[in-house]
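What follows is the residue order along each chain.
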Amino acid sequence: MNIEKNQAARMAVEKIQNNSVVGLGSGSTAAIFIRLLAEKVKKEHMNIVCVATSIKSGELGSLLGLKVVDIDDVSSIDVTVDGADEVDYDLNGIKGGGAALLFEKIVASKSKYNIWIIDSSKFHKKLGNFKLPVEVIKFGSQRIFDCLQEMGLNPTYRLNDDSTRLLTDSSNYIIDIDIQHVSDLNSLSNALENLTGVVEHGLFINICNELLIGGLKKDIKKSELDDRLVLN
């Protein structure tokens, strides 16, 4: 899938204009975009300011010579280019496989335009193939876990390789849930947000403006979505 990831990232970097504030996404496909953007900025002597969606992305951007600033140092972000773990035909997505969902959603909410870049394996008619991450505070997290269990969502704590609980960049836990049988994403989003102790969840609804799919070489804009869109 590396070829497809490269295709999607290259499609995205061609859309970046000079004198822009650019959000740098997280994950393997976004990392390719960051490298390509750094090359473009250097080659074309572009004036670009970047805001990162994770510590790792910020460090990579800075290492490659991009000007990475804190999100509070900019009034808005012109465009954010990010990956996704799964996207449906309505351009709703699941993000947070790399545990950066909180920062990703904050950056996305401050962006005028959001572009997602994925390989073809992540595009599905319905969400649910990928487990949905829910970021929760450590204090009382078991109560949230039990609530998710009662909701029939089969929760599991995200673990490190040594079986300790993974901590996000904000020092919170991640609980992954199964949403294969969930039909109403908006209701699920509201239910999760109403659970005290939930910091954020990885459902990104009505956030993506444009989806670039490597392999299929498709450029799908939210404003041009056709209900008759059929792929595989």
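Quick caveat, the model's predicted, so the values are computed rather than measured.

**Q** I keep staring at the pattern of salt bridges and nothing clicks. Help me out?
**A** In a structure, side chains of opposite charge can pair up when their charged atoms sit close to one another. Throughout the structure, instances matching the rule amount to 10 salt bridges. Salt-bridge contacts for Lys 15 lead to Glu 210; the nearest nitrogen and oxygen are separated by 2.9 Å. In this pair, Lys 15 sits in the loop between helix H1 (2-13) and strand E1 (20-24) while Glu 210 sits in strand E13 (residues 210-214), placing the two residues 195 residues apart along the sequence. Judged by its relative accessible area of 3%, Glu 210 falls in the buried class. Residues Glu 104 and Lys 95 are paired through a salt bridge, measuring 3.6 Å at the closest nitrogen-oxygen approach. Residue classification places Glu 104 among the buried residues on the basis of a relative accessible area of 6%. Classification of Lys 95 as buried rests on a relative accessible area of 2%. Put simply, Lys 15, Glu 210, Asp 219 and Lys 221 are held in one network by salt bridges that share partners.

**Q** Got a minute to help me understand the packing of aromatic side chains in this structure?
**A** Here a ring pair, both rings aromatic, is described through the centre-centre distance and the interplanar angle of the planes. If you walk through the whole model with that rule in mind, you get four aromatic pairs. On the basis of an interplanar angle of 70° and a centroid distance of 6.3 Å, the ring pair of Trp 116 and Phe 204 is categorised as edge-to-face. Here Trp 116, found in strand E7 (residues 114-119), pairs with Phe 204, found in strand E12 (residues 203-204); they are 88 residues apart in sequence, far enough to count as distant. Relative to Tyr 173, the ring of Tyr 157 has its centre 5.9 Å away and its plane inclined at 80°; by these criteria the two rings are edge-to-face. Of this pair, Tyr 157 sits in strand E9 (residues 156-157) while Tyr 173 sits in strand E10 (residues 173-177), and the two are 16 residues apart along the sequence. Aromatic rings pair up to connect Phe 145, Tyr 157 and Tyr 173 into one cluster. Sitting over the ring of Phe 204, Lys 95 keeps its end group 5.4 Å from the ring centre. In this structure, Lys 105 packs its charged tip against the face of Phe 204, placed 4.7 Å from the ring centre.

**Q** Would you mind going over the environment of Ala 99 with me for this structure?
**A** Along the chain, the position of Ala 99 falls in the loop between strand E6 (93-94) and helix H4 (101-109). Ala 99 gets classed as buried once you look at its relative accessible area, which sits at 8%. Each C-alpha atom of the pair Ala 99 and Asn 209 lies 22 Å from the other, and the pair is 110 residues apart in sequence.

**Q** Mind showing me how you'd approach the environment of Cys 208 here?
**A** With respect to the element layout, Cys 208 can be found in the loop between E12 and E13. Between the C-alpha atoms of Cys 208 and Asp 90, which are 118 residues apart in sequence, the distance is 9.3 Å.

**Q** Is there a simple way to explain the sheet that holds strand E8 (residues 132-136) in this structure?
**A** Pairing between the strands of a sheet is mediated by backbone hydrogen bonds and can be parallel or antiparallel. Ordered by their spatial adjacency, four strands build an open sheet running E9-E10-E8-E11, and the pairing between neighbours is antiparallel. The two strands at the open ends of the sheet, each matched to only one other strand, are E9 and strand E11 (198-201). Across the sheet, H4 lies against E8, E10 and E11, angled at about 70° from E11, the strand it touches most. This element, helix H6 (residues 185-193), spans E8, E10 and E11 of the sheet and lies at about 155° to E11.

**Q** Looking at this structure, how should I read unusual backbone geometry?
**A** Negative phi is the rule for most residues except glycine; trans is the rule for most peptide bonds. Look at Asn 19: it is not a glycine, yet its phi comes out positive at around 60°. Checked against the element boundaries, Asn 19 lands in the loop between H1 and E1. Phi is positive for Ser 171, which is not a glycine, with a value near 65°. According to the relative accessible area criterion, Ser 171 is partly exposed, its value standing at 40%.

**Q** Is there a simple way to explain the nonpolar core in this structure?
**A** In this structure, Ile 16, Val 22, Phe 33, Leu 37 and Ile 117 are the most contacted members of the largest nonpolar core, which totals 25 residues. The set of elements that each furnish at least two residues to this core consists of H1, E1, helix H2 (28-44), strand E2 (48-52), strand E4 (79-82) and E7. Ignoring anything within four residues of it in the chain, the contact list for Phe 33 reads Ala 9, Ala 12, Val 13, Ile 16, Val 22, Leu 24, Val 81 and Ile 117. Leu 148, Tyr 173, Leu 192 and Val 198 belong to the second largest nonpolar core, which has 23 residues in total.

**Q** Can you help me understand H1 in this one?
**A** Every α-helix winds through 3.6 residues per turn, so residues three or four apart in the chain are directed the same way. Between the first and last C-alpha of H1 there are 16 Å, a value that for 12 residues agrees with the 16 Å anticipated at 1.5 Å per step. All buried positions along H1 are accounted for by Glu 4, Lys 5, Ala 8, Ala 9, Met 11, Ala 12 and Val 13. Each element contacted by the buried residues of H1 is listed here: H2, E4, E7, E13 and strand E14 (218-221).

What counts as what
- Residues numbered from 1 in each chain as written.
- Predicted model: local features only at pLDDT ≥ 70, side-chain atom pairs only at ≥ 80, totals over all residues.
- Heavy atoms only, no water.
- Salt bridge = Lys/Arg side-chain N within 4 Å of Asp/Glu carboxyl O.
- Helix = DSSP H or I, 4+ residues; strand = E, 2+ residues; numbered from the N terminus.
- Buried < 20%, exposed > 50% of the residue type's maximum accessible area, 1.4 Å probe, protein only.
- Phe/Tyr/Trp six-rings, centres within 6.5 Å; stacked < 30°, edge-to-face > 60°.
- Lys NZ or Arg CZ within 6 Å of the ring centre and 35° of its normal.
- Pairing = 2+ DSSP bridges.
- Contact = heavy atoms within 4.5 Å.
- Axes fitted to C-alpha atoms, helices over the stretch in contact; angles between N-to-C directions.
- Core = buried A, V, L, I, M, F, W, Y, C linked by side-chain atoms within 4.5 Å.
- Expected span 1.5 Å × (residues − 1).

So, to be careful, I would describe these as geometric facts and stop short of saying anything about function.
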